[in-house]
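Here's the letter readout for the chains.
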Amino acid sequence: MNQDTASPGSVRPGGRTARVRESVLRAAGDLLAERGYATLDLAEVATRAEVGKTTVYRRWRTPAGLVSDLLAEMAETSLPHSDTGALRGDLLANARLVGKTLTDPRQGRLFRAVIAAATSDDTAAAALRAFYDTRLTEWSPCVEAAAARGEVPAGTDPRAVLSAVSAPLYYRLLASGDPVDEATITAAATAAALAAEQGVFVSGTGRSAR
């Protein structure tokens, strides 16, 4: 794949080009957090990033292309999974990481904007799915290790467990507006762990073998 035929933001540069990417994505993230996706403008991103408009239009092409690359960068730089030696500890660490992101003044607004973009643009939606796929893949070993230790049944679906941790936190961010506080974070992790221990998340193949 050459740069002329690559999808927006898909080329991973080095040197000066990497610095341009960093500046542009930081500016795009700031504007998304401030105003949302609907008003994201490539020319304004270029001005704030102090780079040429032609560079931004040539490389990212559309606001959705910017969102796609921003999510790719977030996945690249996200923290690795925890290893506390126990599933409940690992899930609590995961819940706290999600909660910290969603309650951060900038990151919380940024995620709202990105999710809004994904509801109306296929490119943004694919980028959001790829972001969460990366995160679930990173944290899945926590559940796999728990199964190896006998904490949860064999065949437990790691992605289902991890999704159960984050789902109530995102519901509060996007739907109810209730606070994402330490009590909520702890409850989400504990509920997911208890359900996993009871075999709720055993996949169909694993369930039939029990």
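One structure accompanies this document, and this report is about it. All of these numbers come straight from a predicted model, not from anything done at the bench.

Quick notes on the rules
- Residues numbered from 1 in each chain as written.
- Predicted model: local features only at pLDDT ≥ 70, side-chain atom pairs only at ≥ 80, totals over all residues.
- Heavy atoms only, no water.
- Axes fitted to C-alpha atoms, helices over the stretch in contact; angles between N-to-C directions.
- Helix = DSSP H or I, 4+ residues; strand = E, 2+ residues; numbered from the N terminus.
- Parallel < 35°, antiparallel > 145°, perpendicular 65-115°, else oblique.
- Left-handed = near helix turned anticlockwise from the far one by under 90°.
- Contact = heavy atoms within 4.5 Å.
- Nonpolar A, V, L, I, M, F, W, Y, C, P; charged D, E, K, R; others polar.
- Salt bridge = Lys/Arg side-chain N within 4 Å of Asp/Glu carboxyl O.
- Buried < 20%, exposed > 50% of the residue type's maximum accessible area, 1.4 Å probe, protein only.
- 1 Å grid on protein atoms, 1.4 Å probe; cavity = no way out; pocket = protein on both sides within 12 Å on 5 of 7 lines; lining within 4 Å.
- Points joined across faces, edges and corners; volume = space filled by probe spheres on them.
- Expected span 1.5 Å × (residues − 1).
- Arc of directions from axis to C-beta.

### Things to note about the packing of helix H5 (residues 87-103) against helix H9 (residues 182-197)
Two elements in contact, H5 and H9, have axes whose closest approach is 9 Å; the angle formed by their N-to-C orientations is 140°. Comparing the axis directions of H5 and H9 gives the class oblique. Once H5 is placed against H9, the crossing between them reads as right-handed. Counted together, Leu 87, Arg 88, Leu 91, Leu 92, Ala 95, Arg 96 and Gly 99 of H5 and Glu 182, Ile 185, Thr 186, Ala 189, Ala 192, Ala 193, Leu 194, Ala 196 and Glu 197 of H9 form the full contact between these two elements. For the contact of H5 with H9, the residue count by class is ten nonpolar, two polar and four charged.

### Regarding the packing of H5 against helix H7 (residues 122-149)
Packed helices, taken two at a time, are described by the angle their axes make and the gap between the axes. The contact between H5 and H7 brings their axes to 9 Å, and the two run at 165°. As far as their axial angle goes, H7 and H5 are roughly antiparallel. Considering only the axes of H5 and H7, their crossing is left-handed. Between H5 and H7, the contacting residues are Leu 87, Asp 90, Ala 93, Asn 94 and Leu 97 on the first element and Arg 135, Trp 139, Cys 142, Val 143, Ala 146 and Arg 149 on the second. In terms of residue class, the contact of H5 with H7 is built from seven nonpolar, one polar and three charged.

### Quick word on the pattern of salt bridges
Scanning the model with the defined rule gives eleven salt bridges in all. Linking Asp 30 and Arg 106 is a salt bridge whose minimum nitrogen-to-oxygen distance equals 2.7 Å. Of the two residues, Asp 30 is situated in helix H1 (residues 15-35) and Arg 106 in helix H6 (residues 105-118); the sequence distance between them amounts to 76 residues. With relative accessibility at 24%, the residue Asp 30 sits in the partly exposed group. By relative accessible area, which is 28% here, Arg 106 ends up partly exposed. Each of the salt bridges in this network shares a partner with another, and the network as a whole consists of Arg 21, Arg 59, Asp 69 and Glu 76.

### Quick word on the side chain of Ser 68
Take Ser 68: it is sitting in helix H4 (residues 63-77). By relative accessible area, which is 19% here, Ser 68 ends up buried. Apart from the residues within four sequence positions on either side, Ser 68 is in contact with Thr 123 and Ala 127.

### A word on the layout of surface pockets
Approximately 840 Å³ is the volume attributed to the largest pocket. For the largest pocket, the lining is made up of 30 residues, of which Met 74, Thr 101, Phe 111, Phe 131 and Arg 135 are closest to its centre. Taken together, the residues of the lining of the largest pocket sort by class into 16 nonpolar, seven polar and seven charged.

### Here we look at H9
Here H9 spans 22 Å end to end across 16 residues, near enough to the 22 Å set by a 1.5 Å rise per residue. If you check which residues of H9 are buried, you get Thr 184, Ile 185, Ala 188, Ala 189, Ala 192, Ala 193, Ala 195 and Ala 196. An end-on view of H9 places all buried positions within 165° of arc, on one side of the element. Directly beyond the C-terminal end of H9, a positive phi value near 85° is found at Gly 199.

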